[in-house]
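Residue strings, one per chain:
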Amino acid sequence: MTSSIPQGSGSIGGGAALIVQATEIRKSFGSQEVLKSVSLDVTRGEVVVLIGPSGSGKTTFLRCINHFEKPNSGVVQVNGHLIGSKLDRNGQRVDASAREVARQRAEIGFVFQHFNLFPNRTALENVMLGPIKVQKMSKDKARTLAIDQLTKVGLSNKIDTYPAQLSGGQKQRVAIARSLAMSPALMLFDEPTSALDPEVIGEVLTVIRDLANDGMTMIVVSHEIGFAREVADRVAMFDDGQIVEIGIPQQVFDNPTQARTKAFLSKVL
Amino acid sequence: MLISSLQFDTSFFWHELLRPSSGFLGGLWRTVYISVIAQVIAIVIGLVVALARRSTLRILRGVAGLYVWVLRGTPLLVQLVIVYDGLAATDIYRFRDMNLLGVSILASVQAAIVTLALNESAYMSEIIRAGLAAVDVGQNEAALSIGMTPAQSMRHVVVPQAMRFVIPPLGNDFNAMMKSTSVLSVIGVPEMFLITQEISSSTFHTFEIFLDAALYYLALTTIWTFIQAWLEVKIDRSWGIVRTQRSMWASVRERFKDPRTLGLGRRAL
């Protein structure tokens, strides 16, 4: 197994601006093979949008990147760290401890389809929690940071509001602010607008677009083709646990080479 | 008319109800503090046992399961006699009257608190386990996504939210436990039931004095019902679920008029 780890040492060398390097990821749930050897490299500042029919493995792949799912085989590296594993003295890959995995996840933002805000905390407290408990930041500093992040997503007037009193679009923007407060090197979005009413999808996409313009590295699972066309540097088409086509949006959307991509696009466009 | 023909001593009834003897009040007080102390200890042990039952370590799950199985599967009455008389008879442990910070505590009261706490902790662990399971898995994932360890997630995110689901069944159990303190009379704890029995046998006013005792038990459980409603409202307010502009008392009254608030909040999350 060790020989299959790129760069061996667990760090991405050579000055390559690779933020994500996922190599031959396989994942099965029981007898069902959900990912059949998926590889994807993402460079710094790049936005990759994953599209494809439901059940094609997009979300599972995303969850493998921050180790919510442990791949059956394959290697994930983010920002130079092997995710979910480390190399022991003999160069063997062994499981990382819970504490080490937590430290790795701290630099990977994850935005959920269903927001998963902490309902017993205000918007401000949701955003402050990570910096205080994980980064051991002082409450005052965390408060200033959280207000900054909430202002950035246009919610400076909602800092003391509880999730129960926020609209779906507002909740998702708080969730994005909560991730950004940890200063992540990478943001993962799992269908961030799928649970939203149509009229508030735009406000969330605007926030993600602004992030892209600021140079954030992102992988976004989305069914918003228009958004993907505009914001993505590359689009990856998933089907049946594999990336069947990947390229710049114009190519994938306007001149798909694969029949499965054409079939999928004909349904969603 | 009917009652007087049954020789119901009305004046005795009212006198013991409104101006109870110091002996009776002592019994009442013991019933209260034994219940409260045992309940507090039971919550702490119950949380530990509930977490052990969710452990990834098989041995911990096994030990915790065994604990609940035994304590919940045998009568409190039998447990009391084993702890107080059984242990002493075999010279394993003998409870002795002791002085704690200037307060003398009877041997039988110590045994009562220990046994009630252990017995109740088995029920508490199941209630807390259900409460932990009721917290959406997305909450734990959100905590992990901002870099918390599983232990931090449990402490700062999952357990506080579980409290909301735990309070109603916990209140139910505490109500039952306050009344089951009456079985403590078998090991000679001078609580309300034993004192009532003593008054009954010395005055032969059995009906009157036990009716008084029933009313006092009813008063205790009624007070607890209000405290529980207050706790529920307090938690709902800290989740922003019930309106906070309203006074606490008004919110508690509302809780009695429409107890559905507990369910209503979840949908809004």
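Treat the numbers as computed from the prediction; the structure is a model and nothing was measured.

### Concerning the overall build of chain B
Logical step 1: Helices and strands together make up the secondary structure of chain B, namely twelve helices and two strands.
Logical step 2: In chain B, the succession of α and β elements from N to C terminus is α-α-α-α-α-β-β-α-α-α-α-α-α-α.
Logical step 3: Overall size of chain B, expressed as C-alpha extent along the three principal axes, is 70 × 55 × 35 Å.
Logical step 4: Nonlocal contacts in chain B, meaning residues at least 24 apart in sequence, comprise 70% of its contacts between residues at least 6 apart.
Logical step 5: Element-wise, carbon and sulfur atoms account for 66% of the exposed surface of chain B, whose accessible area totals about 14300 Å².
Logical step 6: If the 23 positive side-chain charges of chain B are averaged to one point and the 18 negative ones to another, these points end up 12 Å apart.

### Looking at the nonpolar core
Residues and elements named next belong to chain A.
Logical step 1: If you look at the biggest cluster of nonpolar residues, it comprises 50 residues, and the most contacted ones within it are I51, L150, I176, F189 and M218.
Logical step 2: Among the elements that take part in this core, helix α6 (residues 198-213) stands out by supplying eight residues, more than any other.
Logical step 3: Residues V20, V76, V78 and F238 belong to the second largest nonpolar core, which totals 37 residues.

### Digging into the interface of chain A and chain B
Logical step 1: On the chain B side, the residues contacting the 27 residues of chain A number 23 residues.
Logical step 2: The junction of chain A with chain B conceals about 2200 Å² of combined surface from both sides, 59% of it contributed by carbon and sulfur atoms.
Logical step 3: If you sort the residues of chain A by the area they bury against chain B, F118, P119 and N120 of chain A come out on top, with a joint share of 23%.
Logical step 4: Connecting chain A to chain B are six residue pairs in polar contact (both at pLDDT 80 or more).

### So, the environment of V42 of chain A
Residue and element names in this part refer to chain A.
Logical step 1: Here V42 lies in strand β2 (residues 32-43).
Logical step 2: Expressed as a C-alpha distance, the spacing of V42 and R234, which sit 192 residues apart in the sequence, is 9.4 Å.
Logical step 3: Once you skip the residues sitting within four places of it in the chain, V42 turns out to touch A17, L18, I19, V20, V48, T217, I219 and R234.

### A word on the layout of surface pockets
Logical step 1: By volume, the largest pocket amounts to about 570 Å³.
Logical step 2: Elements supplying a minimum of two residues to the lining of the largest pocket: α2 (98-105) of chain A together with α6 (107-134), α7 (137-145) and α8 (150-180) of chain B.
Logical step 3: Among the elements that make up the lining of the largest pocket, the one with the highest residue count is α8 of chain B (five residues).
Logical step 4: Along the lines of polarity and charge, the residues of the lining of the largest pocket split into eleven nonpolar, five polar and three charged.

### Some words on a nonpolar patch on the surface
All names here are of chain B.
Logical step 1: A cluster of nonpolar residues, L77, V78, V81, I82 and V186, forms a patch on the protein surface that exposes about 390 Å² of accessible area.
Logical step 2: Checked against the element boundaries, L77 lands in helix α5 (residues 76-89).
Logical step 3: Owing to a relative accessible area of 40%, L77 belongs among the partly exposed residues under this scheme.

### Re the environment of V34 of chain A
Logical step 1: For V34 of chain A, the position within the fold is in strand β2.
Logical step 2: Apart from the residues within four sequence positions on either side, V34 of chain A is in contact with K27, S28, F29, S56, G57, T60 and G241 of chain A.

### With respect to the confidence of the model for chain B
All names here are of chain B.
Logical step 1: Mean pLDDT over chain B works out to 90, with 92% of the residues at or above the 70 mark.
Logical step 2: Ignoring residues within four places in sequence, the model shows residues 263-269, a span with pLDDT below 50, making eleven contacts including any to other chains.
Logical step 3: Confidence metrics for the complex model read pTM 0.85 and ipTM 0.91.

### A few points about the pairing of strand β11 (residues 234-239) of chain A
All names here are of chain A.
Logical step 1: Burial runs high along β11: five of the six residues are buried.
Logical step 2: Sheet analysis places strand β3 (residues 47-51) next to β11, joined by four bridges and oriented parallel. Paired with V48 across the two strands is R234, which belongs to β11.
Logical step 3: Pairing analysis gives five bridges linking β11 to strand β12 (residues 242-247), with the strands arranged antiparallel.

### Topic: α6 of chain A
Residues and elements named next belong to chain A.
Logical step 1: Along its 16 residues, α6 runs 24 Å from first to last C-alpha, staying within 8% of the 22 Å computed at 1.5 Å per residue.
Logical step 2: Taken residue by residue, α6 has V200, I201, V204, L205, V207, I208, L211 and A212 as its buried positions. Looking straight down α6, one finds that the buried residues subtend no more than 155° of arc, so they occupy a single side. Exposed residues on α6 whose side chains face more than 90 degrees from its buried face are E199 and N213.
Logical step 3: Its buried side turned inward, α6 meets β3, α5 (168-180), β9 (186-190), β10 (218-221) and α7 (225-231).

### Section: the pairing of strand β1 (residues 18-29) of chain A
The side chains of a regular strand alternate between both faces of the sheet.
All names here are of chain A.
Logical step 1: Relative to β2, β1 runs antiparallel, the two being bridged by eight bridges. Paired with A22 across the bridge in β2 is L40.
Logical step 2: Between the end of β1 and the start of β2, which pair antiparallel, lie two residues, with G30 showing a positive phi angle near 65°.
Logical step 3: Of the pairings in the sheet, the one linking β1 to strand β4 (residues 73-78) comprises five bridges and is antiparallel in character. Across the sheet, the residue bridging to R26 is S73, located in β4.

### Some details on the sheet that holds strand β5 (residues 81-82) of chain A
All names here are of chain A.
Logical step 1: Strand order in the open sheet made by the four strands is β2-β1-β4-β5, with antiparallel pairing throughout. Both edges of this open sheet fall to β2 and β5, since each of them pairs with a single strand only.
Logical step 2: Across two bridges, the pairing between β4 and β5 is antiparallel. The partner of V78 across the bridge, within β5, is H81.

Thresholds, definitions, all that
- Residues numbered from 1 in each chain as written.
- Chains lettered and ligands numbered in written order.
- Predicted model: local features only at pLDDT ≥ 70, side-chain atom pairs only at ≥ 80, totals over all residues.
- Heavy atoms only, no water.
- Helix = DSSP H or I, 4+ residues; strand = E, 2+ residues; numbered from the N terminus.
- Contact = heavy atoms within 4.5 Å.
- Areas by Shrake-Rupley, 256 points an atom, 1.4 Å probe, with all protein chains shown as cover.
- Lys, Arg positive; Asp, Glu negative; His and termini not counted.
- Charge placed at Lys NZ, Arg CZ, Asp CG, Glu CD.
- Core = buried A, V, L, I, M, F, W, Y, C linked by side-chain atoms within 4.5 Å.
- Buried < 20%, exposed > 50% of the residue type's maximum accessible area, 1.4 Å probe, protein only.
- Buried area = accessible area lost by both parts, 1.4 Å probe.
- Polar contact = N/O pair within 3.5 Å; in protein donor to acceptor, adjacent residues only side chain to side chain.
- 1 Å grid on protein atoms, 1.4 Å probe; cavity = no way out; pocket = protein on both sides within 12 Å on 5 of 7 lines; lining within 4 Å.
- Points joined across faces, edges and corners; volume = space filled by probe spheres on them.
- Nonpolar A, V, L, I, M, F, W, Y, C, P; charged D, E, K, R; others polar.
- Patch = residues over 30% accessible without salt bridge, like charges linked within 9 Å, V, L, I, M, F, W, Y side chains within 5 Å.
- Salt bridge = Lys/Arg side-chain N within 4 Å of Asp/Glu carboxyl O.
- pLDDT = per-residue confidence, 0-100.
- Pairing = 2+ DSSP bridges.
- Expected span 1.5 Å × (residues − 1).
- Arc of directions from axis to C-beta.

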